[in-house]
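Overview (structure and organization)
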Amino acid sequence: MSGFSATVITLYPEMFPGPLGVSLSGKALSEGAWSLQTAFLRDHAEGRHRSVDDTPAGGGPGMVLRADVLGRAIDAVAPPQDPRPRLLMSPRGAPLTQARVRELAAGPGVVIVCGRFEGVDERVIEARGLIETSIGDYVLSGGELGAMVLIDAVVRLLPGVMGAAASGDEESFETGLLEYPHYTRPQVWEERGIPEVLVSGDHKRIADWRRAEALALTRERRPELWEAWMREHPPAPDRKRRRRTRPDD
Ligand code: SAH
């Protein structure tokens, strides 16, 4: 099948497609805009107990997913010539960003390894070139929800998935700013109106208002994003002053 191909290696394949099977991503899945395969980690275990994990070398709590079992699972779904990046969901990984989501959406797909328990044997990360990816600075009990977050963010950017409704270009993080506030009918709700400018029909004023709101929100809530945006969009020099100080301009 053509389109974006996601393969998830997990101890809980029954979690998929789960929420990815409804709404936008579910419709895109049934229309073939993307495809989803799961690989059950236990199918790659050996021995009478088919164990996938063992106690940590050096001691300590919990269990660690075994390198040999994970290695076999990865090789079975993604042989060396498979061009898809191999990710490991991990709180130690590079935080997922909209820029990274865009990059992944432009590629052939992803192979995602979901950790469980204390995590995975470090050697499989190195040997299979797994790219550790975090969805935020908190700890989940497993990589599956992280994989779903990543796939959801990518799938909505695939060609045709959002349709004409939105290109996504003005959304939070796409411009480097948080998005401006939205309103819809009714015009008055619990005595609250819609900002007058939005019902003015003046497209230039509306665009200016939205930009100003986006800037103010970003400055207030995410000062580090605002500073980065200001560095890239320095305020236009004041023409009159420039003329006065640099007469030959
Ligand atoms: N002991 C580990 C946490 C293990 S949590 C540590 O302290 O770093 C179990 C699994 O959940 C991880 O292997 C990973 O696959 C997943 N996980 C937990 N938090 C995550 C996060 N913020 N982003 C992505 N995956 C996460």
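1. Examining the overall build of the protein
- Summing up its helical and strand segments, the protein has eight helices and seven strands in all.
- Taking 249 residues into account, the globule formula puts the C-alpha radius of gyration at 18 Å, and the protein, at 24 Å, lies well above it.
- Across its three principal axes, the protein shows a C-alpha extent of roughly 80 × 45 × 40 Å.
- Counting only contacts in the protein whose residues sit at least 6 apart along the sequence, the fraction spanning at least 24 positions is 72%.

2. Some details on the packing of helix 6 (residues 203–221) against helix 7 (residues 223–232)
- The interhelical angle for the contact between helix 6 and helix 7, taken along N-to-C directions, is 130 degrees, at an axis separation of 5 Å. Taken as axis vectors, helix 6 and helix 7 run oblique relative to one another. Across the interface between the two elements, R211, L215, T218, R219, E220 and R221 from helix 6 touch P223, L225, W226, W229 and M230 from helix 7.
- Tallied by class, the residues present in the contact of helix 6 with helix 7 amount to six nonpolar, one polar and four charged.

3. What about the pairing of strand 5 (residues 86–95)?
- Here strand 5 pairs with strand 6 (residues 109–113) via three bridges, running parallel. Following the sheet pairing, L87 is matched in strand 6 by I112.

4. Topic: the site of the ligand
- Of all residues adjacent to the ligand, which total 18 residues, the nearest are M89, G115, G136, Y138 and L140.
- One nitrogen or oxygen atom from the main chain of L140 is found 3.0 Å from a nitrogen atom belonging to the ligand.
- About the coverage of the ligand: the protein hides 84% of its 560 Å² of free accessible area.
- Elements supplying a minimum of two residues to the shell around the ligand: strand 5 and strand 7 (131–134).

5. Considering the domain arrangement of the protein
- Each assigned domain of the protein is listed here: domain 1 (4–155) and domain 2 (170–234).
- Computed from C-alpha coordinates alone, the two centres of domain 1 and domain 2 are separated by 36 Å.

6. Looking at the side chain of T7
- Tracing the backbone shows T7 in strand 1 (residues 4–10).
- Taking the relative accessible area as the measure of exposure, T7 reaches 3% and is therefore buried.
- Engagement of the side chain of T7 in a polar contact is seen with the side chain of R84, the distance being 2.8 Å.
- The contact partners of T7, leaving out residues within four places of it in the chain, are Q37, V77, R84, V110, V111 and I112.

7. Concerning the nonpolar core
- The biggest cluster of nonpolar side chains holds 26 residues, and the ones touching the most others in it are W34 and I151.
- Mapped onto this core, the elements with two or more residues apiece are strand 1, strand 5, helix 3 (98–105), strand 6 and helix 5 (144–155).
- A total of seven residues in this core trace back to one element, the largest contributor, which is helix 5.
- Among the nonpolar cores identified, the runner-up in size contains 20 residues, and I9, L65, V124 and L130 belong to it.

8. A word on unusual backbone geometry
- Note that the residue after F16, namely P17, is joined by a cis bond; omega there is -5 degrees.
- With respect to the helices and strands, the residue P17 is situated in the loop between strand 1 and helix 1 (23–30).
- P186 follows R185 through a cis peptide bond whose omega is 0 degrees.
- The residue P186 is located in the loop between helix 5 and helix 6 in this model.
- For S23, which is not a glycine, the phi torsion comes out positive at approximately 55 degrees.
- Topologically, S23 is positioned in helix 1.
- Here the phi dihedral of E190 falls at roughly 45 degrees; this positive angle occurs in a residue that is not glycine.
- Counting through the fold element by element, E190 comes out in the loop between helix 5 and helix 6.

9. Side note on the sheet that holds strand 7
- Overall, parallel pairing links the five strands, which are arranged 2-1-6-5-7 in an open sheet. Bordering the open sheet on either side are strand 2 (34–40) and strand 7, each of which pairs with just one other strand. Adjacent strand axes in the sheet meet at a mean angle of 35 degrees when their direction is disregarded.
- Pairing analysis gives seven bridges linking strand 1 to strand 2, with the strands arranged parallel. Across the sheet, I9 pairs through a bridge with A39, a residue of strand 2.
- Sheet strands in contact with helix 2 (residues 67–77) are strand 1, strand 2, strand 5 and strand 6, and its direction is about 160 degrees off that of strand 1.

Criteria and cut-off values
- Residues numbered from 1 in each chain as written.
- Predicted model: local features only at pLDDT ≥ 70, side-chain atom pairs only at ≥ 80, totals over all residues.
- Heavy atoms only, no water.
- Helix = DSSP H or I, 4+ residues; strand = E, 2+ residues; numbered from the N terminus.
- Rg over C-alpha atoms; globule rule 2.2 N^0.38 Å.
- Contact = heavy atoms within 4.5 Å.
- Axes fitted to C-alpha atoms, helices over the stretch in contact; angles between N-to-C directions.
- Parallel < 35°, antiparallel > 145°, perpendicular 65-115°, else oblique.
- Nonpolar A, V, L, I, M, F, W, Y, C, P; charged D, E, K, R; others polar.
- Pairing = 2+ DSSP bridges.
- Near = heavy atom within 4 Å.
- Polar contact = N/O pair within 3.5 Å; in protein donor to acceptor, adjacent residues only side chain to side chain.
- Areas by Shrake-Rupley, 256 points an atom, 1.4 Å probe, with all protein chains shown as cover.
- Domains from an automatic or database assignment.
- Buried < 20%, exposed > 50% of the residue type's maximum accessible area, 1.4 Å probe, protein only.
- Core = buried A, V, L, I, M, F, W, Y, C linked by side-chain atoms within 4.5 Å.

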